[in-house]
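Residue strings, one per chain:
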Amino acid sequence: MKFPEAPAILIMGCFDTKAAVYSRLREQVMASGENVFCINVGIMGSTNIFPVDLEAAQVAANGGFALQELRTKKDRGLALEVMAKGLRKILSAFSEQNKLKGVIAMGGGGGTFLALSAMKVLPLGLPKLCISTLATKDVSSLVGLKDIVLIPSVVDVAELNSIIVPIIDQAAAAIVAMGRVKVTQMKQAKGVIAISMFGNTTACVNECTRILQEKGFEVMAFHANGLGGKTMEALIREGVFDGVLDLTTTELADELCGGILSAGPDRLNAAVEMNLPLVLAPGCLDMVNFGSKSSVPEQYKDRLFYQWVPDVTLMRTNEAENMAMAKQIAKKLNKGRYKSKITVITPMNGFSQLDAPGNVFFDKKTTLAFEDALSRHLDPEIATTLIAANINEQTFARAAVEQLLGILERVKPKYKDLSGF
């Protein structure tokens, strides 16, 4: 495969139909003194307006088809899938050879699909930018968990005009600037800890983070808003972390009750399957997230609610739901091969800020229902700890960190003598 001689800004798109706009983009990037590498993914032809470094035929071949075969089939959906597959293989190879300073693309529906589908294979931190007619739509399924910057094209990405030109010029300046940023090396840490958080567990997470940082750990917090949980699970599987403080498992409540912040049925699986040291708490299992009050399903109209912000309505979970979630947590944790690496820690004075004594969601009976169900279904080899505090009290945060450090000491000799503070 042909690679640029020096790391380059990679420009990819359908040069058969959008050569003029891509020519402008290429000129602007080169005007900044950057090396460029252009890949054509347009199956119906190319351009002679500017040099193309890698043509669509090679992209198609990497996707498993001959270009002429795609033209003959006249199946747009198939063509997009094949070209996206080919692009992913090519971008992966470029990344492995350290030949990329950044990647930029433009397009409508098809071009956006190609660009975002391919960019997802690139590592976090490598600049990725797409000018798109769909930038203001929900393209989360295409972006996935990656740091892709989307810029609305405002008008269609077709020909040069007084609206698209400045957008192209600014995007070119952005990808060039992003590619020139020197990656800041963090101070060498003893290990990296993942921690889940929510507005209602912020005090707890802040205290845990402070203690862990004082002990020499790097801490990465993930907002338990569905995407945050999915991202944490994905990075756990990539081997990023030495341990997990899963203190905000609220996404399970949304999955159970049809809330808007579910992380899907695989939430909690990664740490168990990867045998990572894990301390888990039922943080914010007292609530389910819905949008505005009018969006709450009819079946829940008579429940207890709290308006967190005008477009976020929190619903108090009941005893039956907490028992179901406890059983679900137990079922997931029981699959762990090394159960000594897992601890469940329960704050008996409430699972969130709203569930603190005297606050609107406080319900001791529901907390006890959760704990009772957990004790009945959890494998006795998995350690459990009950803390007579709310999850946001310092007592609970310190206990959670102590539990995690204790597991790390037992399973990894390099963490010996870290506990105790």
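Above: the structure in question.
The present account deals with the structure reproduced in this document.

Procedures and definitions
Residues numbered from 1 in each chain as written. Predicted model: local features only at pLDDT ≥ 70, side-chain atom pairs only at ≥ 80, totals over all residues. Heavy atoms only, no water. Core = buried A, V, L, I, M, F, W, Y, C linked by side-chain atoms within 4.5 Å. Buried < 20%, exposed > 50% of the residue type's maximum accessible area, 1.4 Å probe, protein only. Helix = DSSP H or I, 4+ residues; strand = E, 2+ residues; numbered from the N terminus. Contact = heavy atoms within 4.5 Å. Right-handed = clockwise from strand over helix to strand, strands pointing away. Pairing = 2+ DSSP bridges. Axes fitted to C-alpha atoms, helices over the stretch in contact; angles between N-to-C directions. Parallel < 35°, antiparallel > 145°, perpendicular 65-115°, else oblique. Left-handed = near helix turned anticlockwise from the far one by under 90°. Nonpolar A, V, L, I, M, F, W, Y, C, P; charged D, E, K, R; others polar.

**Structural notes on the nonpolar core**
Core analysis: the largest hydrophobic core is formed by 62 residues, its most contacted members being Met12, Tyr22, Leu25, Val29, Ile39, Met83 and Met119. No other element matches the 9 residues that helix H4 (residues 76-96) contributes to this core. Sequence-distant contacts of Met119, that is, excluding residues within four places in its chain, are made with Met12, Leu91, Val103, Ile104, Ala105, Lys128, Leu129, Cys130 and Ile148. If you look at the next biggest cluster of nonpolar residues, it comprises 38 residues, including Val244, Cys257, Phe305 and Leu374.

**Here's the deal with the pairing of strand E4 (residues 128-132)**
Both faces of the sheet carry side chains from a regular strand, because those side chains alternate between them. Buried residues dominate E4, accounting for 5 of its 5 residues. In E4, alternate side chains face the same way, and those of Lys128, Cys130 and Ser132 on one face and Leu129 and Ile131 on the other are all buried. In this region the chain leaves strand E3 (residues 100-107), passes through helix H5 (residues 109-119) and returns to the parallel neighbour E4; the handedness of that crossover is right-handed. Pairing between E4 and strand E5 (residues 149-152): 4 bridges, direction parallel. Across the sheet, residue Ser132 finds its bridge partner in E5, namely Pro152.

**So, the sheet that holds strand E10 (residues 287-290)**
Spatially, the 3 strands line up as an open sheet ordered E10-E12-E11, and their pairing is antiparallel. A strand with exactly one partner marks an edge of an open sheet, and here the two such strands are E10 and strand E11 (305-309). Strand-to-strand twist in this sheet, taken as the mean axis angle between neighbours without regard to direction, amounts to 30°. Alignment of E10 against strand E12 (residues 312-316), held across 4 bridges, turns out to be antiparallel. In the sheet register, Phe290 faces E12, and the bridge partner there is Thr313.

**A look at the packing of helix H8 (residues 202-214) against helix H14 (residues 394-411)**
In contact at an axis separation of 9 Å, H8 and H14 are set at 45° when each is read in the N-to-C sense. Regarding the angle of H8 to H14, the classification is oblique. Taken as a pair, H8 and H14 cross one another with a handedness that is right-handed. For the pair formed by H8 and H14, the contact residues are Cys204, Glu207, Cys208, Arg210, Ile211 and Leu212 on the first element and Gln394, Phe396, Ala397, Arg398, Val401 and Leu405 on the second. Per-class residue counts for the contact of H8 with H14 are 8 nonpolar, 1 polar and 3 charged.

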